[in-house]
Amino acid sequence: MIRAGRVDKVRTLADLAAQQGLSLGRYQVVKPYAEEGFPAPVSSDGARTLLFDADQVDAHLAGAAVPELPSTDSDEDLLDRSEAAAELGSALTGWSAYKKRPALADHTVVVAGVEHWPRGIIRAYRDARTSRPATGGRPRNAGDQIPRDQLLSLTAPLLDADPAITAARVTETLGVHRDTAQRALTHLRAGRIADRLATDPNLTPHQAAAELGYPTGQVRTAVHQALTELRARAAGAYLATVTAALNEAGLTATPTAPDVEQNRDTLRTAVLLTPEATPAALVWEDGEGWRTATRRLTRTPPPEATPSSPTAPNPAPPTSWPLSPPDTLSQAPKAPLK
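Residues numbered from 1 in each chain as written. Predicted model: local features only at pLDDT ≥ 70, side-chain atom pairs only at ≥ 80, totals over all residues. Heavy atoms only, no water.

**Q** Could you clarify how one ought to interpret the overall build of the protein in this entry?
**A** Across its full length, the protein carries 13 helices and 9 strands. Burial analysis of the protein (338 residues in total) assigns 40% to the buried set. Taking all contacts inside the protein whose residues are at least 6 apart in sequence as the whole, residues at least 24 apart take part in 56%. (Helix = DSSP H or I, 4+ residues; strand = E, 2+ residues; numbered from the N terminus. Buried < 20%, exposed > 50% of the residue type's maximum accessible area, 1.4 Å probe, protein only. Contact = heavy atoms within 4.5 Å.)

**Q** How should I be thinking about the packing of aromatic side chains in this particular structure?
**A** Any two aromatic rings considered together are summarised by their centre-to-centre distance and by the angle between their planes. Summed over all chains, the structure comprises 6 aromatic pairs. Ring geometry for Y98 and Y125: centres 6.4 Å apart, planes at 75 degrees, overall edge-to-face. Linking Y98 in helix α5 (residues 92-98) with Y125 in helix α7 (residues 119-130), this pair joins segments that are 27 residues apart in sequence. There is no split in this pair, since Y98 and Y125 are both buried. (Phe/Tyr/Trp six-rings, centres within 6.5 Å; stacked < 30°, edge-to-face > 60°.)

**Q** What is the right way to look at the sheet that holds strand β5 (residues 114-118) in this model?
**A** In spatial order, the strands read β3-β5-β4; together these 3 strands make up an open sheet with antiparallel pairing. Both edges of this open sheet fall to β3 (78-79) and β4 (109-111), since each of them pairs with a single strand only. (Pairing = 2+ DSSP bridges.)

**Q** Just checking my understanding: could you explain the nonpolar core for this structure?
**A** A general trend in soluble globular proteins is that nonpolar side chains are found buried together. Ranked by internal contacts, the top residues of the largest apolar core, which has 26 residues, are V170, I193 and L197. Listed by contribution, the elements that provide at least two residues to this core are α8 (151-161), α9 (167-174), α10 (178-199), α11 (205-211) and α12 (220-248). Here this core gets 8 residues from one element, more than from any other, and that element is α10. In terms of nonpolar packing, the next biggest core, distinct from the first, is built from 15 residues, A232, L239, L251 and W284 among them. (Core = buried A, V, L, I, M, F, W, Y, C linked by side-chain atoms within 4.5 Å.)

**Q** Would you take a moment to explain helix α3 (residues 54-61) for this structure?
**A** Along an α-helix, residues three or four apart share an orientation, since each turn contains 3.6 residues. Listing the buried residues of α3 in full gives A54, Q56, V57 and A59. Two or three places before D55, at the opening of α3, D53 has a side-chain oxygen 3.1 Å from that residue's backbone nitrogen. Just past α3, the residue G63 takes up positive phi, approximately 80 degrees. (Polar contact = N/O pair within 3.5 Å; in protein donor to acceptor, adjacent residues only side chain to side chain.)

What follows is the structure in structure tokens.
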């Protein structure tokens, strides 16, 4: 997270490379930021775009003691999507839907090309949701007894101790609603199945689940989410290459790839082009490829070109821009729609 009042201290890998007199490409090859003792990124674990605190980096490069960042949470802290989802108590795969709601979308802060949200805004939205009267399937007075941002961290040890644990058991142990417990278990199992498949691609998803000790009857949705997560990871690597090529050609000021958004089985992202460029962005969708957009994201593809309504021409890509994802992405299993 970016601690309150420290937005102006954020540096990207491109900033660090320039500070040490290296090109971004060379800097990413030698990876001095991965060496022992280098200040940790302020971005969340697993973030595709690494952000660092300038004061910490400067002190390290000068051989001085690296200052500690504030440790007390503030409503003004800026959280990236992983941290925001945890603060809200949502699975990461569900954050793409939540962030579009006006109460959150109107407060989005983009720092170095990465979307962030103030902690206080997320807390206010979370509290407003939990204070609403029950109107449907959730029983009255069945509120969770633990903060939602602690749900996954408290459920994970239970799953470690008993891979076959049920949502009912989690409910009994943690005092959360059964639906809440089921979502937490599904999220954790999906991530671990995806990790296992990434280390051994010869396994089937159900074999990976069996190795982890997850009963067949409990992993149908988790397997589905794991396959989507694997495709999102492969897409992230491909999009990083494309974004770097676009940046090298001067078509975008953002050297790192944007986050891949998941909507059921559809993966999508958009690369913002430079202000003087036309169109405003390039949108990529899994299975559809690239198209232009006049704004960051559109819900439907632009209409086919007609004599009376021509579409904007695509900008000429650099010769090194890969026009299709690598075989590892195109061959990745695609989860069926439920």
